[in-house]
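Here is how the chains run, residue by residue.
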Amino acid sequence: MKDRRPTPIPGSGHFPLFPKLIATSFGFGYLPVAPGTWGAIFAVLIWLPVYILCTPTVIFWVTLAAAVFFAVAGTWASSVSERHWGKDPVIACVDETVGQLIAMLPLYCVPGNYWWEILLSLALFRFFDIFKPLGIRKLEVLPRGYGMMADDVLAAIYSCIILLALNYFIL
């Protein structure tokens, strides 16, 4: 896999801090090796306190609200990041944060402490995000931050479908 570390585009000017923080999932994109996975792990880390402390209804609505917030802010910040770092820079990992939040949506209804499902949601989402089967890759052609975000949202939806089926038929 080609390393897509950011290199400033000549004439792109100063990259403002706020969109940079959002695009890099508050700096997790700067961590070495697999920034996308770090972006997904950031989602798990901000989600865990909600999962541990809240009721299933609150877990669902807070997770959905966080996914929507990061999707909107992340699409904007990803568009800004492309102006400074080029097309779909790997360091801009907020799309993975959004995808992982969406992938964890079915976990609000899991009875008991099925921590392995959190890991499974991470593994499923990263599988679909990395290999991009079933039309996921086609969404990358959308302009600006929309393409960066859309493929991860579809990867997360596929992960949700598998987790929902698992919860329905096995648990």
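Use the structure listed above.
Residues numbered from 1 in each chain as written. Predicted model: local features only at pLDDT ≥ 70, side-chain atom pairs only at ≥ 80, totals over all residues. Heavy atoms only, no water.

Some remarks on the overall build of the protein chain
Stated precisely, the cut-off is as follows: Put simply, DSSP marks the helices as runs of H or I at least four residues long and the strands as runs of E at least two long, and each gets a number from the N terminus on. Every radius of gyration here is taken over C-alpha atoms, with the globule rule written as 2.2 Å times N^0.38, N being the number of residues. Whether a residue is buried, partly exposed or exposed follows from its accessible area with a 1.4 Å probe, protein chains only, as a fraction of its type maximum: under 20%, in between, or over 50%, in that order. Each accessible area value is a Shrake-Rupley result obtained with a 1.4 Å probe; residue values ignore everything except the protein chains displayed when judging cover.
Within the protein chain, the secondary structure is distributed over six helices and zero strands. N-terminal to C-terminal, the α/β element order of the protein chain is α-α-α-α-α-α. Against the compact-globule benchmark of 16 Å for 171 residues, the protein chain has a radius of gyration of 16 Å, which places it among compact chains. Taking the principal axes of its C-alpha atoms as reference, the protein chain extends roughly 55 × 35 × 25 Å. For the protein chain, with 171 residues in total, the buried portion stands at 48%. Total accessible area computed for the protein chain in this model is approximately 8800 Å², and 75% of it derives from carbon and sulfur atoms.

Comments concerning the nonpolar core
Convention followed: As used here, the term nonpolar core means buried Ala, Val, Leu, Ile, Met, Phe, Trp, Tyr and Cys residues forming a set that is joined through side-chain atoms within 4.5 Å.
Counting residues in each nonpolar core, the largest one holds 40 residues, and the members touching the most others are W47, L101, I102, M104 and L107. Listing elements by their share of this core, those giving two or more residues are α1 (17–23), α2 (35–53), α3 (56–85), α4 (94–103), α5 (115–131) and α6 (144–169). Looking at this core, the element that brings in the most residues is α6, giving nine residues.

Here's the deal with the side chain of D129
The test is simple: Whether two residues touch is decided by their heavy atoms; if any such pair falls within 4.5 Å, the residues are in contact.
Structurally, D129 is set in helix α5. You can call D129 buried: its relative accessible area is 5%. Those residues within four positions of D129 in sequence are excluded, and the remaining contacts are E96, D151, D152 and A155.

Overview of the packing of aromatic side chains
The cut-off we apply is this: Any pair of Phe, Tyr and Trp rings, taking the six-membered ring for Trp, is counted once the centres come within 6.5 Å. Such a pair is stacked with planes under 30 degrees apart, edge-to-face with planes over 60 apart, and tilted for the rest.
Counted by the stated rule, this structure contains 14 aromatic pairs. With a centroid separation of 4.7 Å and an interplanar angle of 20°, the aromatic rings of W47 and Y51 are classed as stacked. Highlighted residues: W47 and Y51, both in helix α2, separated by four residues, approximately one helical turn. Residues W47 and Y51 agree in their burial class; the two are buried. The structure contains a cluster of three or more aromatic residues connected by ring pairs, namely F26, F28, F42, F69 and F70.

Examining unusual backbone geometry
Non-glycine residue V33 carries a positive phi angle of around 60°. Tracing the backbone through its elements, the reader meets V33 in the loop between α1 and α2. V33 gets classed as exposed once you look at its relative accessible area, which sits at 67%. Within the chain, A34 stands out as a residue other than glycine whose phi angle is a positive 60°. Judged by its relative accessible area of 38%, A34 falls in the partly exposed class.

Considering the environment of I130
Relative to the elements of secondary structure, I130 occurs in helix α5. For I130, a relative accessible area of 43% gives the class partly exposed.

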